[in-house]
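# Notes for the structure review
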Amino acid sequence: MYHTSLEKIDKILIKSGNIDLLMKNRIIKYGADLLRKGEVVAFPTETVYGLGADATREGAVEKIFVAKGRPQDNPLIVHIGSFEQLSGLIDGKLPTYVEKLLKRYWPGPLTIVTKKSKTLPMMTTAGLDTVAIRMPDHPVARALILASNLPIAAPSANLSGSPSPTRADHVYADLNKKIPLIIDGGPTKIGLESTVVDVRDDKPVILRPGGLSREEISSFLGFEVQLAENIKKPLSPGIKYRHYSPETPLTLIKNINDKLLNQLIEDYKGKRLAFVLTSESIDRISNKSGIEIIEIGSRFNPELIANRLFALLRKLDKKDFDQIFIEAIPEKGIGEAVMNRIYKAVRKNVLELN
Ligand code: TXA
Ligand code: MG
């Protein structure tokens, strides 16, 4: 058992983006020391908070799995702070299109899966001969990684089966007493995890949609990049695990319309209901007692919805609703990743009216 320190980094220092200065910060130095000693540290990235440890040290990586209660056959993403750290982790040279992608989108919410070098222990990659690597675009994450001078293995810093944390207090709620340090860098910018792309072939395949949209990658590369699930490619090992789904029953509403909503309100009379609706739909329901309406943002601003989703699901699950309904948004841009997470959270509870 640990005493967990929750340490906040000065907002103005983060905003300055000055990595050199951040590397001299007391909290970052303490975090880097812990990492070098084989300990785990939770830190902010631009996507979600990560729980990091020395990726080259089996005993350190094992602590991540223990703290999260994560199945050991689910591999971790290795985070780097500079391009120089890349070559030591991979086997051979990357194809030209991948180099172009990295130049354009790193640091950022893009994770590549490629052949691994021998420096990484089995536990980091869960015995696979591939490794997932990303360079996060958050000054605190980069300063911490560079100060530790190590590649840092880091899954999202939640308990296995909880939503990924987008704020330090989410990490605290899940991992208090399980880790020595949480570095608070404020709420994360994107709010959804990175896009995981298998780049072993001459055409990339998206294993997990995320913060960098498929649309954006496709337009940059000049051809339509596919999701693995649509072309029957083997999926990411993480896909088979139980993903976050709230305790309170959660149902997705596709093709929302007034008739359906009125019917639902009628059917669930006397129950405590929450409706998570887009700005375009909130006026469809009038305020009634026993019904809470939460506006999640405009369906034309999926970035904002991505940013709010996990925190909202955490919050709603803590209140005692009998049933939560959530409206579908268009699967365009980052909306594709938003809907991917919502589908996991609702499991099979989908209402569709034609
Ligand atoms: O934005 C993110 O990606 C966050 C922050 C902390 O960087 N990290 C994150 O890690 O979401 P995690 O462990 O929650 O998700 C990693 C995903 C899993 O679905 C895992 O199966 C997949 O990446 N993955 C890791 N290594 C892989 C590999 N060698 N081959 C295929 N998939 C891999
Ligand atoms: Mg995760």
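The present account deals with the structure reproduced in this document.

## Comments concerning helix α5 (residues 96–105)
Within α5 the residues assigned to the buried category are Tyr97, Val98, Leu101, Leu102 and Tyr105. Along the long axis of α5, the arc covered by the buried residues comes to 135 degrees, so they all point the same way. Seen from the open side of α5, the exposed residues pointing more than 90 degrees away from its buried face are Thr96, Lys100 and Lys103.

## Regarding the sheet that holds strand β12 (residues 250–253)
The sheet built from five strands is open, its strands ordered β14-β13-β15-β12-β16 with parallel pairing. Two strands bound the open sheet, and with one partner strand each, they are β14 (291–297) and β16 (350–351). By the bridge criterion, two bridges tie β12 to β16 in an arrangement that is parallel. For Ile253, the partnering residue across the bridge sits in β16 and is Leu351. Helix α11 (residues 302–318) contacts β12, β13 (273–278), β14 and β15 (323–327) of the sheet and is inclined by roughly 150 degrees relative to β14. Seen against the sheet, helix α12 (residues 335–346) touches β12, β15 and β16 and runs at an angle of roughly 135 degrees to β12.

## Details of the sheet that holds strand β3 (residues 50–54)
Strand order in the open sheet formed by eleven strands is β1-β8-β2-β3-β7-β4-β6-β5-β9-β10-β11, with mixed pairing between adjacent strands. The open sheet has two edge strands, β1 (5–8) and β11 (226–227), and neither has a second partner. The sheet contact formed by strand β2 (residues 41–43) and β3 spans three bridges and is antiparallel. Bridging across to β3, Phe43 finds its partner in Gly50. Sheet strands in contact with helix α4 (residues 58–68) are β3 and β7 (152–153), and its direction is about 150 degrees off that of β3.

## Some words on the packing of aromatic side chains
Counted by the stated rule, this structure contains four aromatic pairs. Between Tyr105 and Phe220, the aromatic rings sit 5.4 Å apart at their centres with planes inclined by 75 degrees, giving edge-to-face as the arrangement. In this pair, Tyr105 sits in helix α5 while Phe220 sits in helix α9 (residues 214–221), placing the two residues 115 residues apart along the sequence. Tyr105 sits in the buried class, given a relative accessible area of 8%. Taking the relative accessible area as the measure of exposure, Phe220 reaches 32% and is therefore partly exposed.

## Some remarks on unusual backbone geometry
For the bond running from Trp106 to Pro107, omega is -10 degrees, close enough to zero to count as cis. Along the chain, Pro107 falls in the loop between α5 and β5 (110–115). For Lys177, which is not glycine, the phi torsion reads 75 degrees and is therefore positive. Within the element layout of this structure, Lys177 appears in the loop between α8 (168–175) and β8 (181–184). Using a relative accessible area of 44% as the deciding quantity, one classes Lys177 as partly exposed. We note that Arg347 has phi near 50 degrees; this positive angle belongs to a residue other than glycine. Within the secondary structure, Arg347 sits in the loop between α12 and β16.

## Here we look at helix α10 (residues 258–267)
Taken together, the buried positions of α10 are Leu260, Leu261, Leu264 and Ile265. All buried residues of α10 project into a common sector of 135 degrees when viewed along the axis, lining one side. Exposed residues on α10 whose side chains face more than 90 degrees from its buried face are Lys259 and Asp267. Buried residues belonging to α10 abut β12, β13, β14, β15 and β16. Between the side-chain oxygen of the N-cap and the backbone nitrogen of Lys259 there are 3.2 Å, and the N-cap of α10 in question is Asn257.

What counts and how
Residues numbered from 1 in each chain as written. Chains lettered and ligands numbered in written order. Predicted model: local features only at pLDDT ≥ 70, side-chain atom pairs only at ≥ 80, totals over all residues. Heavy atoms only, no water. Buried < 20%, exposed > 50% of the residue type's maximum accessible area, 1.4 Å probe, protein only. Helix = DSSP H or I, 4+ residues; strand = E, 2+ residues; numbered from the N terminus. Arc of directions from axis to C-beta. Pairing = 2+ DSSP bridges. Contact = heavy atoms within 4.5 Å. Axes fitted to C-alpha atoms, helices over the stretch in contact; angles between N-to-C directions. Phe/Tyr/Trp six-rings, centres within 6.5 Å; stacked < 30°, edge-to-face > 60°. Polar contact = N/O pair within 3.5 Å; in protein donor to acceptor, adjacent residues only side chain to side chain.

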